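Summary of the model geometry
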Amino acid sequence: MLRVLITLFAVCSWHVQVFAFEVTGATIKGAITSLSNGEISCVDLIQGHLDRIEAYDKAGPYLNSIISIAPLEALFEKAKSYDKIYHTTGKLYGSMHCIPIVAKDCYDHPQFPTTVASVVLKSCYPKYTSPVIANLEAEGAIIIAKTNLPDFTVGNSTFMSSISTLLGATKNAYVEERSPYGSSGGTGAAIAASLGMIGLAADTQGSIQLPSAAEGMVGIRPTQGLVSAENEFPLVMAQDSNGPISRTVADAASILELIVNETVIRENDGNSDYTSYLDADGLRGRRIGFSRDAFASFTVGDMEVEPDLEVVAAVETALGNMAAAGATVKDTNVSRPLSLYLNLNRKEVGDCGSSWNQYGISRYLEHNYADNCPIKNIQDIIDSGVYPAGDITRSWLDAMVNYTLPPDEDPACTKYEEVTTTARELVLDILARNEVDFVVYPVMNRLPTSITPDSSDPVINLITYISASTRLPSVTFPVGYAADGVPISMSITGRQYSEGELIRIVYGFEQQVFNAMRRLPVDYPPL
């Protein structure tokens, strides 16, 4: 269908054109330079990414990451209008002129249904636009597609895969047998395969960190509340955090600058000029703790699980490279004491999730969809009877629909706030006592599981809670590759609103260490 429509609108013939600018692995800076010099048109840049979607997501290796593509007539009308502005004035529309964006299918934009990857919501279009998307569009970015995730962000165990009733399973762009993780797995895979230049993701308990790690991408989970989550299908509004997934640190920083809430920045004496932190010598003088307890064995049932030796080796090498680049790196155990504290309080705060789920999703279904959406409330979803086989969605929905206390009246949510605050203070106290300002850790201490994990798969130990359960910011970044080619990654966390300093450190690592080993996924070469 895409092939027919593109021909119909006479954008170009389906035969892949050779442009002066290569979109595979492209960066914002490279694209803006080529657009400014007239080496490529906006139409060409959009066409180049649609060509890759058709060749690699819907055919060939069949990545299966894209749920929907923007209406083509409107898409190319916008691209042509940007070209006209450039040819008429010699100037670009804005700082993101024609940069092609793919967004996780929980962000609202009236040109796309917001399905959260569920068949039940496939015909439901939102009335409003996410402020994140609106900010980027105001600078000239173009939303070309929306990406896969587990149904409602929770289906199929959420983190372990991105399998939905609407699209099926998204593959890992580097090793197709391995999982891209979730719930922003479609976004991570699409950016790794250069189906878009930048991806928009959302994180509650690791949904930016894990897909970024599995695909070797840079993912920023900002301080909770720094980026608006308005006009977006929610999960736990008190913990949801939006951020970019990109191939480079500079691209992630450029996007974060445009999507943060400037009022929040001002109130917290922050600096949102994140590209000013792009310092190739950014590791020098930094005091960084390493949560070595993330490498401890852990018990699942009767099974003692050890970390993967390839993960250990890649992380140890990265730590050595950080020290060689001028950082002070010392063991600072954060993972285990934080995990113990959270587990001790898990039962008391458990129902708060249902409270936030019920409140946020009910409000969204009532207010955000156009009137012709057949789903008006959570009970309508339950009555549809459409759930992924063997997943957790039905029990999750049942827990929600039977929960009536709103978060501000729920004792469990009062306790949740207390636990979150204490957890954050615990992490910051550990950093202060060890005289470090940041903590790095492997996002997971084992390699990604198979794309459809079962009981025979090795268990992984997720370390994402250091950021997610404290509302502290994190940046996830690649540090190497396993023997089969799957990326190995780490995250770094710091104090609230320390995104700029995190970017400085990770950019320094990228420039001095990682760029020399960077690989594009072999199954998704230039067309």
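Residues numbered from 1 in each chain as written. Predicted model: local features only at pLDDT ≥ 70, side-chain atom pairs only at ≥ 80, totals over all residues. Heavy atoms only, no water.

1. Description of the side chain of Thr114
If you trace the backbone, Thr114 turns up in the loop between β2 (100–104) and α5 (131–138). A distance of 3.5 Å separates a polar atom in the side chain of Thr114 from the backbone oxygen of Tyr107. Apart from the residues within four sequence positions on either side, Thr114 is in contact with Asp105, Cys106, Tyr107, Asp108, His109, Leu121, Cys124, Pro126, Lys146, Phe233, Tyr364 and Tyr369. (Helix = DSSP H or I, 4+ residues; strand = E, 2+ residues; numbered from the N terminus. Polar contact = N/O pair within 3.5 Å; in protein donor to acceptor, adjacent residues only side chain to side chain. Contact = heavy atoms within 4.5 Å.)

2. Some remarks on the state of the cysteines
Note on terminology: a disulfide is the covalent bond linking the sulfur atoms of two cysteines. Under the defined criterion, the tally for this structure stands at 3 disulfides. Each sulfur in the disulfide pair Cys124 and Cys373 lies 2.1 Å from the other. Here the S-S torsion is close to 70°, and the disulfide linking Cys124 with Cys373 is therefore right-handed. Here Cys124 is found in the loop between β2 and α5, whereas its partner Cys373 is found in the loop between α12 (346–367) and α13 (378–384), with 249 residues between them in sequence. Residue Cys124 shares its accessibility class with Cys373, and that shared class is buried. For the protein chain, the disulfide bridges join cysteines in the arrangement 1-2, 3-5, 4-6, where the cysteines are counted in sequence order. In this structure Cys106 is a free cysteine whose sulfur lies 15 Å from that of Cys124, the closest cysteine sulfur available. The exposure class assigned to Cys106 is buried, which follows from its relative accessible area of 2%. (Disulfide = S-S within 2.5 Å. Buried < 20%, exposed > 50% of the residue type's maximum accessible area, 1.4 Å probe, protein only.)

3. Considering unusual backbone geometry
The linkage connecting Gly182 with the following residue, Ser183, adopts the cis geometry, with an omega of 5°. If you trace the backbone, Ser183 turns up in the loop between β5 (168–169) and α6 (185–192). The phi dihedral of Asp269 falls on the positive side, at around 55°, and the residue is not glycine. Taking the relative accessible area as the measure of exposure, Asp269 reaches 73% and is therefore exposed. A positive phi angle, close to 65°, is found at Tyr497, a residue other than glycine. Its place among the elements puts Tyr497 in the loop between β15 (487–493) and α17 (499–512). Accessibility expressed as a relative area gives 25% for Tyr497, which makes it partly exposed.

4. What about the environment of Arg433?
Turning to its location among the elements, Arg433 is positioned in helix α15 (residues 411–433). Looking at Arg433, the relative accessible area reads 55%, which means it is exposed. Separated by 97 residues in the primary sequence, Arg433 and Arg336 place their C-alpha atoms 16 Å from one another. Looking at Arg433, its side chain comes within polar contact range of the side chain of Asp429, at 2.8 Å.

5. Looking at the packing of aromatic side chains
Enumeration according to the criterion identifies 11 aromatic pairs in this entry. The interplanar angle of 75° and the centroid separation of 5.4 Å between the aromatic rings of Tyr56 and Tyr524 together place this pair among those described as edge-to-face. One end of the pair, Tyr56, is in helix α3 (residues 42–57); the other, Tyr524, is in the segment after α17, and 468 residues separate them in sequence. You can call Tyr56 buried: its relative accessible area is 9%. Counting every residue linked through ring pairs, the aromatic cluster contains Phe152, Phe233, Tyr364, Tyr369 and Trp396. (Phe/Tyr/Trp six-rings, centres within 6.5 Å; stacked < 30°, edge-to-face > 60°.)

6. A short note on the sheet that holds strand β3 (residues 142–147)
Sheet architecture is open: 11 strands sit in the order β1-β3-β2-β6-β8-β7-β14-β15-β13-β9-β12, paired in mixed fashion. Two strands bound the open sheet, and with one partner strand each, they are β1 (66–69) and β12 (328–331). Each adjacent strand pair in this sheet contributes to an overall mean axis angle of 25°, direction not counted. Where β2 lies against β3, 5 bridges are found, and the strand directions are parallel. Bridge pairing links Val102 to Ala145 in β3. Where α3 meets the sheet, it contacts β1, β2 and β3, and its direction lies at approximately 15° from that of β3. (Pairing = 2+ DSSP bridges. Axes fitted to C-alpha atoms, helices over the stretch in contact; angles between N-to-C directions.)

7. Considering the confidence of the model for the protein chain
Across the protein chain, the average pLDDT comes to 92, with 93% of residues at 70 or higher. Low pLDDT (under 50) marks residues 1–15, which in the prediction has 25 contacts with non-local residues, meaning those over four places away or in another chain. (pLDDT = per-residue confidence, 0-100.)

8. Some words on the pairing of β15
Most of β15 sits inside the fold, with 7 of its 7 residues counted as buried. Burial along β15 is two-sided: Pro487, Ser489, Ser491 and Thr493 and Ile488, Met490 and Ile492, pointing in opposite directions, are all buried. Pairing analysis gives 4 bridges linking strand β13 (residues 438–442) to β15, with the strands arranged antiparallel. Paired with Tyr441 across the strands is Ser491, a residue of β15. The pairing of strand β14 (residues 474–481) with β15 spans 7 bridges and is classified as antiparallel. Counterpart to Gly480 in the pairing with β15 is Ile488. Hairpin geometry of β14 and β15 is characterised by an intervening segment of 5 residues between the two adjacent antiparallel strands and by a positive phi of about 100° at Gly485.

9. Section: the nonpolar core
Counting 154 residues, the largest nonpolar core has Ile46 and Phe233 as its most contacted members. In terms of residue count, α15 provides more of this core than any other element does, 8 residues in total. Once residues within four sequence positions are removed from consideration, Phe233 is found in contact with Cys106, Thr114, Val116, Leu121, Phe152, Ile361, Tyr364, Leu365 and Tyr369. (Core = buried A, V, L, I, M, F, W, Y, C linked by side-chain atoms within 4.5 Å.)

10. Details of the pattern of salt bridges
As enumerated under the stated definition, the model contains 19 salt bridges in all. Between Arg292 and Glu316 there is a salt bridge, with its nearest N and O atoms 2.6 Å apart. A residue pair is termed long-range when its members are at least 10 positions apart, and Arg292 in the loop between β9 (287–290) and β10 (298–300) and Glu316 in helix α10 (residues 309–324) qualify at 24 residues. Here Arg292 falls in the partly exposed class, since its relative accessible area comes to 29%. Between Arg471 and Glu417 there is a salt bridge, with the nearest N and O atoms lying 2.8 Å from each other. (Salt bridge = Lys/Arg side-chain N within 4 Å of Asp/Glu carboxyl O.)

11. Digging into the packing of α12 against helix α14 (residues 393–401)
The contact between α12 and α14 brings their axes to 8 Å, and the two run at 80°. When the axis of α12 is compared with that of α14, the two are roughly perpendicular. Within the contact between the two elements, α12 uses Ser354, Asn357, Gln358 and Ile361 and α14 uses Trp396, Ala399 and Met400. Of the residues assigned to the contact of α12 with α14, the class counts are 4 nonpolar, 3 polar and no charged. (Parallel < 35°, antiparallel > 145°, perpendicular 65-115°, else oblique. Nonpolar A, V, L, I, M, F, W, Y, C, P; charged D, E, K, R; others polar.)

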